[in-house]
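Tertiary structure, described
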Amino acid sequence: VGFAFGGGSNPPLFWGELFRTTDGGITWDSLYSSSPDFNITAASFVHMDTGYVFMTPETILYTDNGGSTWTDVSSPIQMGPVYDCAFLNSRYGYAITSTGVIYKTLDGVNWNFEYSVPNTVLSSIDIIDSTAYVVGNDGTILKNEGLVTGWEEIDKVGSLILSPNPTSGLVS
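The shown structure was predicted, so the numbers you read here are calculated from the model rather than taken from an experiment.

A short note on the overall build of the chain
Broken down by element type, the chain carries 0 helices and 17 strands. In the chain, buried positions account for 37% of the 172 residues. In the form shown here, the chain has an accessible surface area of approximately 9,200 Å², with 53% of it arising from carbon and sulfur atoms.

Given below as structure tokens:
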């Protein structure tokens with residue numbers, strides 16, 4: 001099972017759509033289509049039935065039946081545009097924003113401020129073996145080991161050598 005989301009804009013209208021495949025990407029079914037002025041910015045599925053969708057402005061949707069129905073679990077906290085999200089299980093997760101803020105939920109509904117990197121766009125988060133990693137602009141890398149120790153900034157990366165190297169050189 002795979003999920004993908006995308007959208008478009010024709011100012012002043014913005015919209016988003018969430019899709020699911022059960023045959024390795026040969027066919028895709030629409031699970032959710034937002035109304036005008038709502039743009040899907042992040043989505044995460046813990047497994048094929050349980051998932052979250054973040055939209056602007058300030059909307060969080062939750063499904064526990066594979067997208068057949070959606071429940072609005074929006075937070076009263078003005079999070080700003082959520083760029084990515086990751087969940088350890090159906091309730092414990094993180095959301096990162098374009099304003100450098102990390103939010104955390106323990107129940108899938110109530111979101112709380114967790115950490116901030118001022119003047120930094122945080123763009124991606126992943127949880128691997130109970131350790132969360134966040135990357136952002138200007139080489140920002142954050143790590144939260146065991147999901148309880150707090151966020152640690154890892155030394156910034158100046159350049160990377162990719163192997164195999166699709167760019168035939170150094171990426172800065």
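Focus: the packing of aromatic side chains
All chains considered together, the criterion is met by 7 aromatic pairs. With a centroid separation of 4.9 Å and 50 degrees between ring planes, the pair formed by Y52 and Y62 is classed as tilted. Of this pair, Y52 sits in strand β5 (residues 51–56) while Y62 sits in strand β6 (residues 59–63), placing them 10 residues apart in sequence. Neither residue differs from the other here; Y52 and Y62 are each classed as buried. Measuring from centroid to centroid gives 6.1 Å for F87 and W111, while their planes differ by 85 degrees, and the two rings are edge-to-face.

Topic: the sheet that holds β6
The pairing of strands in a sheet happens through backbone hydrogen bonds and is either parallel or antiparallel. What the 4 strands build is an open sheet, ordered β4-β5-β6-β7; its pairing is antiparallel. If you trace the sheet from one side to the other, it starts and ends with β4 (39–45) and β7 (71–72), each paired once. Sheet analysis places β4 next to β5, joined by 6 bridges and oriented antiparallel. Of the residues in β5, the one forming a bridge with A42 is F54.

Notes on the side chain of D84
For D84, the position within the fold is in strand β8 (residues 82–87). We note that D84 is buried and unpaired, the nearest opposite charge coming from K104 at a distance of 18 Å. Here the side chain of D84 touches S124 through a polar contact of 3.5 Å, side chain to side chain.

So, the sheet that holds β8
Pairing in this open sheet of 4 strands is antiparallel, and the strands run β8-β9-β10-β11 from one edge to the other. Two strands close off the open sheet at either side, each with one partner strand: β8 and β11 (111–116). Averaged over all pairs of adjacent strands, the angle between their axes in this sheet comes to 25 degrees, without regard to strand direction. By the bridge criterion, 5 bridges tie β8 to strand β9 (residues 93–97) in an arrangement that is antiparallel. What sits directly across from A86, in β9, is Y94.

A closer look at the confidence of the model for the chain
Predicted confidence across the chain gives a mean pLDDT of 81, with 81% of residues reaching 70 or more. Ranking the helices and strands of the chain by mean pLDDT puts β9 first, with 93, and strand β17 (residues 170–171) last, with 50.

Overview of the pairing of strand β10 (residues 101–105)
Among the 5 residues in β10, 5 count as buried, and that is most of the element. Alternating residues of β10 divide into V101, Y103 and T105 and I102 and K104, and every residue in both groups is buried. One ladder, built from 4 bridges, connects β9 with β10; its direction is antiparallel. The residue bridging A95 from the neighbouring strand is Y103, located in β10.

Analysis parameters
- Residues numbered from 1 in each chain as written.
- Predicted model: local features only at pLDDT ≥ 70, side-chain atom pairs only at ≥ 80, totals over all residues.
- Heavy atoms only, no water.
- Helix = DSSP H or I, 4+ residues; strand = E, 2+ residues; numbered from the N terminus.
- Buried < 20%, exposed > 50% of the residue type's maximum accessible area, 1.4 Å probe, protein only.
- Areas by Shrake-Rupley, 256 points an atom, 1.4 Å probe, with all protein chains shown as cover.
- Phe/Tyr/Trp six-rings, centres within 6.5 Å; stacked < 30°, edge-to-face > 60°.
- Pairing = 2+ DSSP bridges.
- Lys, Arg positive; Asp, Glu negative; His and termini not counted.
- Salt bridge = Lys/Arg side-chain N within 4 Å of Asp/Glu carboxyl O.
- Polar contact = N/O pair within 3.5 Å; in protein donor to acceptor, adjacent residues only side chain to side chain.
- Axes fitted to C-alpha atoms, helices over the stretch in contact; angles between N-to-C directions.
- pLDDT = per-residue confidence, 0-100.

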